[in-house]
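Spelled out, the chains give:
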Amino acid sequence: MSGTRTAAARPGTPAAEPFVVLVGLMGSGKSSVGRRLARRLGLPFADSDELVERAAGRSVREIFAERGEAAFRDLERRAVADGCAAAGGGVFAVAGGAVLDEGSRAALRARATHVVWLDAPTPELVRRTGRAAHRPALDDDASGTLAAMRAAREALYRDLATLRVDTAGRDLDEVTDAVVRAVGAP
C-alpha cells in the first residue's frame, strides 16, 4: 500500500460515518473489495455499474450495444451523483471511467471521507478481467485497451485518491484488510 495523499478523513465529513469511494481500472477489485469492506465496516454498499443497470433496465453490455458509450457515460454520471447523494456512511465502488467526468470527480471529492485507488499492473488486470461479458470495452484488445485507459486515467486517479492500495498478488481479504487499516476503521 502506498498513499497518494494522507489517509485522514476529508474536512467537513463526519468520522463516525465514513463514506469510502473505491476507484481504479477494470479488474482492480472495486466491486469485490467494496462488498467485503462494507460488510466489515457495517455500512451499505453501492456499485455505480449496478446503479446504471438498474436505472436503464439493461446490462452495461446492452447499453453500449444499443445506445453507445455516450449514453452509458450519461447514465454513469447520474449514478455517481445518486450514489454521492445517499445519506449516511457507505462504500461506493465507482466504475473506472467515471473519473473522466469533471462533475463526477467533484461530487466524489465533496462526499467521500476517503477515496481509495485500487491499482495493479496492466498484465494482472488483463488476467483478472479475461473476456468478461459485462466488460464490452475489452472485447477486441484487452491489454491495449487497459494500457490506454491507464494512460488516460492514472493522473485523475492519483489526483482524486486520498490513498492508493496496490492489489497485485493480494487476495480479496488482504486488500480489504489494507483498506480497513488505511481508513482507520476498527
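Located above this text is the structure these notes cover.
As the structure is a prediction and not an experimental result, all values here were calculated from the model. (Residues numbered from 1 in each chain as written. Predicted model: local features only at pLDDT ≥ 70, side-chain atom pairs only at ≥ 80, totals over all residues. Heavy atoms only, no water.)

As for the pairing of strand 3 (residues 90–93)
Side-chain direction in a regular strand flips from residue to residue, so the side chains alternate between the two faces of the sheet. The side-chain alternation of strand 3 yields two buried faces, one formed by Gly-90 and Phe-92 and the other by Val-91 and Ala-93. In the sheet, strand 1 (residues 19–23) pairs with strand 3 via four bridges, with the strands oriented parallel. If you follow Phe-19 over to strand 3, its bridge partner there is Gly-90. Of the pairings in the sheet, the one linking strand 2 (residues 45–47) to strand 3 comprises three bridges and is parallel in character. What sits directly across from Ala-46, in strand 3, is Phe-92. (Buried < 20%, exposed > 50% of the residue type's maximum accessible area, 1.4 Å probe, protein only. Helix = DSSP H or I, 4+ residues; strand = E, 2+ residues; numbered from the N terminus. Pairing = 2+ DSSP bridges.)

Digging into the packing of helix 2 (residues 48–56) against helix 4 (residues 69–85)
Two elements in contact, helix 2 and helix 4, have axes whose closest approach is 9 Å; the angle formed by their N-to-C orientations is 115°. In terms of orientation, helix 2 and helix 4 fall into the roughly perpendicular class. For the pair helix 2 and helix 4, the crossing hand works out as right-handed. The segment helix 2 lies against helix 4, with Ser-48, Asp-49, Leu-51, Val-52 and Ala-56 engaging Phe-72, Leu-75, Glu-76, Ala-79 and Gly-83. Here the contact of helix 2 with helix 4 is composed, by residue class, of six nonpolar, two polar and two charged. (Axes fitted to C-alpha atoms, helices over the stretch in contact; angles between N-to-C directions. Parallel < 35°, antiparallel > 145°, perpendicular 65-115°, else oblique. Left-handed = near helix turned anticlockwise from the far one by under 90°. Contact = heavy atoms within 4.5 Å. Nonpolar A, V, L, I, M, F, W, Y, C, P; charged D, E, K, R; others polar.)

Observations regarding the pattern of salt bridges
The final tally for this structure, using the stated rule, is 14 salt bridges. The closest approach of N and O atoms between Arg-36 and Asp-173, which form a salt bridge, is 2.5 Å. Linking Arg-36 in helix 1 (residues 30–41) with Asp-173 in helix 8 (residues 172–182), this pair joins segments that are 137 residues apart in sequence. For Arg-36, a relative accessible area of 28% translates into the label partly exposed. A relative accessible area of 43% places Asp-173 in the partly exposed class. Put simply, Asp-159 and Arg-109 hold a salt bridge, and the shortest N to O gap is 2.8 Å. Placement of Asp-159 in helix 7 (residues 142–160) and of Arg-109 in helix 5 (residues 102–111) is noted, with a sequence separation of 50 residues between them. Judged by its relative accessible area of 41%, Asp-159 is partly exposed. Taking relative accessible area as the criterion, Arg-109 reaches 29% and is therefore assigned partly exposed. Here the salt bridges share partners, and the residues they tie into one network are Asp-119, Arg-150, Glu-154, Arg-158 and Arg-164. (Salt bridge = Lys/Arg side-chain N within 4 Å of Asp/Glu carboxyl O.)

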